[in-house]
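In case you want the letters, here they are:
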Amino acid sequence: SQASFEEDSLQQPAVGHWKPLMPSKGSKEEPKTGCQDAGGVDESQSTEQLNVSRLRSSSVEIREKGSEFLKEELHKAQKELKLKDKECERLSKVREQLEQELEELTASLFEEAHKMVREANTKQAAAEKQLREARGKIDMLQAEVTALKTLVITSTPSSPNWELHPQLQSPSKAVFRKGHGRNKSTSSAMVSAASQNVTPEPVSHEHKEVDAILFAEFQAWKESPTLDKSCSFLDRIYREDIGPCLDFTKQELSELVRVAVEQNTLTIEPVASQTLPVVKVSAEECGGAKKCALSGLPRTCKHRIMLGDSGNYYYISPSCRARITAVCNFFTYIRYIQQGLVRQDVELMYWEVMRLRREMSVAKLGFYPSEM
């Protein structure tokens, strides 16, 4: 628009040249009105100049307003552009932040998933190991139960099982196994102990008669079997058999042995030829291969005992071992009765208890097999 205004202003002098030609239309009257025509031409020229000046001023004003308007529009556009640039920059930062958070979240999720997989694999391996151990224990317990049934059910004083009780055979045919092991597994202790004890003479050739008082006490105990020694049945056996049988010279150690036997935590094992583990007690208390820890006498000790899980071993003589074994066999049998594993007549169980009592009486007097 400014360019058009400038072109108009440049073309205005041409309009001034055109006007003098207009009076030529009345050129025929020039001789008559010469002075008047000259005055009219001056007035028209001044009017035309005024119009041109007005046009010029209006074009300048329009150009100034147009330039101001364009400047304002330019400033507005620049401001909007700056705002858009800032918005773009902000959105770019937000996008970068979101991408970073997404990467971190993805990495943490993968790490957590791997961790869960590792933990699951570890737990599965532990569970499989426990399952294998449990199955092994179940198999072992089933074998022990089978052995117990064979021992308890098929062997009675009236009809003993000669294979399970070789000590009941004649001295020429009897074969004693060396060594005695007793631990927390009651059934294995019963099998090993029952096959190692001897009686002065075969039971089958003896005449027996039931003592009314002892049988009544045993029947009362059998109705409600317990290991509480306050009952009349166990109280008598403690006084007459268990107490004297476990009464050794070393009184303090004797008491510990009695408690371990009652709690079924005593272990008896043969002395190996290899180097033995170091014990925490003195040599005088433990004895040694040439000294018994219970009697304190110089004896050849082929076995040693451990009380519970202490790890302390005490060497014992064959006589002390026979006495401890006799008491362990008694407790093992009455535990079987308490647990309901013995399926026999009351009288047969009574005579088995009497046989075990006789073993304790013989052992406390110092009799034991030469193989021990």
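That block above? That's the structure.
A short tour of the structure in this document, coming up.

Quick notes on the rules
- Residues numbered from 1 in each chain as written.
- Predicted model: local features only at pLDDT ≥ 70, side-chain atom pairs only at ≥ 80, totals over all residues.
- Heavy atoms only, no water.
- Phe/Tyr/Trp six-rings, centres within 6.5 Å; stacked < 30°, edge-to-face > 60°.
- Helix = DSSP H or I, 4+ residues; strand = E, 2+ residues; numbered from the N terminus.
- Buried < 20%, exposed > 50% of the residue type's maximum accessible area, 1.4 Å probe, protein only.
- Lys NZ or Arg CZ within 6 Å of the ring centre and 35° of its normal.
- Pairing = 2+ DSSP bridges.
- Expected span 1.5 Å × (residues − 1).
- Arc of directions from axis to C-beta.
- Contact = heavy atoms within 4.5 Å.
- Salt bridge = Lys/Arg side-chain N within 4 Å of Asp/Glu carboxyl O.
- Disulfide = S-S within 2.5 Å.
- Axes fitted to C-alpha atoms, helices over the stretch in contact; angles between N-to-C directions.

**Section: the packing of aromatic side chains**
At step 1: A complete count under the given rule lists 8 aromatic pairs for this structure.
At step 2: Between phenylalanine 218 and phenylalanine 233, the aromatic rings sit 5.5 Å apart at their centres with planes inclined by 65°, giving edge-to-face as the arrangement. Taken together, the positions of phenylalanine 218 in helix α4 (residues 212–223) and phenylalanine 233 in helix α5 (residues 232–245) put the pair 15 residues apart, joining distant regions of the chain. Summarising the burial analysis for this pair, phenylalanine 218 and phenylalanine 233 share the class buried.
At step 3: Aromatic ring contacts, followed pair by pair, group Phe215, Phe218, Trp221, Phe233, Tyr350 and Trp351 into a single cluster.
At step 4: The residue whose ring lies beneath lysine 208 is tryptophan 351, and the NZ or CZ to ring-centre distance is 5.1 Å.
At step 5: When the ring centre of tyrosine 238 is taken as origin, the NZ or CZ atom of lysine 229, which lies over that ring, is 5.2 Å away.

**Quick look at the pairing of strand β2 (residues 303–307)**
At step 1: The buried fraction of β2 is high, at 5 of 5 residues.
At step 2: On β2, burial covers both faces: His303, Ile305 and Leu307 on one face and Arg304 and Met306 on the other are all buried.
At step 3: Relative to strand β3 (residues 313–316), β2 runs antiparallel, the two being bridged by 4 bridges. Along β3, the bridge assignment pairs arginine 304 with tyrosine 315.
At step 4: Taken together, β2 and the strand that follows it, β3, pair antiparallel across an intervening segment of 5 residues, in which glycine 308 is found at a positive phi of about 70°.

**Quick notes on α4**
At step 1: Along its 12 residues, α4 runs 17 Å from first to last C-alpha, staying within 8% of the 16 Å computed at 1.5 Å per residue.
At step 2: Considered for burial, the residues of α4 that qualify are Leu214, Phe215, Glu217, Phe218 and Trp221. For α4, the angular spread of the buried residues around the axis is 160°, confining them to a single face. Facing away from the buried side of α4, by more than 90 degrees, are the exposed residues Ala212, Ile213, Ala220 and Glu223.
At step 3: Buried residues in α4 make contact with α5, α8 (318–339) and α9 (346–364).

**Overview of the environment of tyrosine 314**
At step 1: Note that tyrosine 314 resides in strand β3.
At step 2: Given the relative accessible area of 5%, tyrosine 314 is considered buried.
At step 3: Taking the C-alpha atoms as reference points, tyrosine 314 and histidine 303, 11 residues apart in sequence, are found 8.6 Å from one another.

**A word on the pattern of salt bridges**
At step 1: Within the structure shown, the criterion is met by 13 salt bridges.
At step 2: Here lysine 93 makes a salt bridge to glutamate 89, at a shortest N to O gap of 3.9 Å. Of the two residues, lysine 93 and glutamate 89 are both situated in helix α2 (residues 34–154); the distance of 4 residues between them amounts to about one turn of the helix.
At step 3: Of the charged contacts in the structure, one is a salt bridge between arginine 304 and glutamate 269, with a shortest N-O distance of 2.6 Å.

**Remarks on the state of the cysteines**
At step 1: Enumeration over the complete set of coordinates arrives at 0 disulfides.
At step 2: As a non-bridged cysteine, cysteine 301 has cysteine 292 as the owner of its nearest cysteine sulfur, 5.2 Å distant.
At step 3: Of the residues examined, cysteine 301 reaches a relative accessible area of 6% and is grouped as buried.

**Considering the sheet that holds strand β1 (residues 266–270)**
At step 1: The 3 strands lie next to each other as β1-β2-β3, forming an open sheet whose pairing is antiparallel. The sheet terminates laterally at β1 and β3, the two strands that pair on one side only. The average undirected angle you get between the axes of adjacent strands in this sheet is 30°.
At step 2: Sheet strands in contact with helix α6 (residues 251–262) are β1, β2 and β3, and its direction is about 75° off that of β2.
At step 3: Across the sheet, α8 is in contact with β1, β2 and β3; its angle to β1 comes to roughly 135°.

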